[in-house]
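# Observations on the three-dimensional arrangement
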Amino acid sequence: MARYGVGYFLTRIIVQPYWFASTFAINIAGSFLIGVLFGLVSRHQISELNWLVLATGFCGGFTTFSTFALENINLMNKGQSNLAILYTGLSVVVGLLLCKMGMWLAG
């Protein structure tokens, strides 16, 4: 429900050619959150059970690799391969950076 709500809100404010930006925002937000959660569990500030519920349950349900994959295929099918490559690259790099930042902030 959180993913749908955030995606619904973002699609109302994002310009049409960049319809995939809501998935990007959701996935990088989830990367940051899982980094924070990992930092907290590794410092024993939340329990293992809370980690499992929040990381696997919430973050796993909030982020969406399958939609990310479909959106990239759709971009390529529309002849926008450069945009698909940029989307993929930014998703990976920004996701990793925000995950690490979340871990750092929790520490």
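Structural data are supplied above this passage.
Here goes a summary of the coordinates provided. Computed from a prediction, not measured in an experiment: that's the story for all the values here. (Residues numbered from 1 in each chain as written. Predicted model: local features only at pLDDT ≥ 70, side-chain atom pairs only at ≥ 80, totals over all residues. Heavy atoms only, no water.)

Further remarks concern the side chain of Ser22. Inspection of the secondary structure assignment puts Ser22 in helix H2 (residues 21-42). Ignoring any residue separated from it by four or fewer positions in sequence, one finds Ser22 in contact with Gly7, Leu10, Thr11 and Ile14. (Helix = DSSP H or I, 4+ residues; strand = E, 2+ residues; numbered from the N terminus. Contact = heavy atoms within 4.5 Å.)

Looking now at the nonpolar core. Most often, soluble globular proteins have nonpolar side chains that are buried together. Listed in full, the six residues of the largest apolar core are Leu37, Val41, Ile46, Trp51, Ala55 and Cys59. Those elements that place two or more of their residues in this core are H2 and helix H3 (48-62). Once residues lying within four places of it in the same chain are set aside, the contact partners of Ile46 are Leu37, Leu40, Val41 and Trp51. Membership of the second largest hydrophobic core comes to five residues, among which are Phe20, Phe68, Leu75 and Tyr87. (Core = buried A, V, L, I, M, F, W, Y, C linked by side-chain atoms within 4.5 Å. Buried < 20%, exposed > 50% of the residue type's maximum accessible area, 1.4 Å probe, protein only.)

Interaxial distance between helix H1 (residues 2-13) and H2 falls to 9 Å at its minimum, and their mutual angle equals 135 degrees. By the angle class used here, H1 and H2 are oblique. Handedness of the crossing formed by H1 with H2: right-handed. Facing H1, whose interface residues are Arg3, Val6, Gly7, Leu10 and Thr11, H2 presents Ser22, Ala25 and Ile26. Of the residues belonging to the contact of H1 with H2, the class tally is four nonpolar, three polar and one charged. (Axes fitted to C-alpha atoms, helices over the stretch in contact; angles between N-to-C directions. Parallel < 35°, antiparallel > 145°, perpendicular 65-115°, else oblique. Left-handed = near helix turned anticlockwise from the far one by under 90°. Nonpolar A, V, L, I, M, F, W, Y, C, P; charged D, E, K, R; others polar.)

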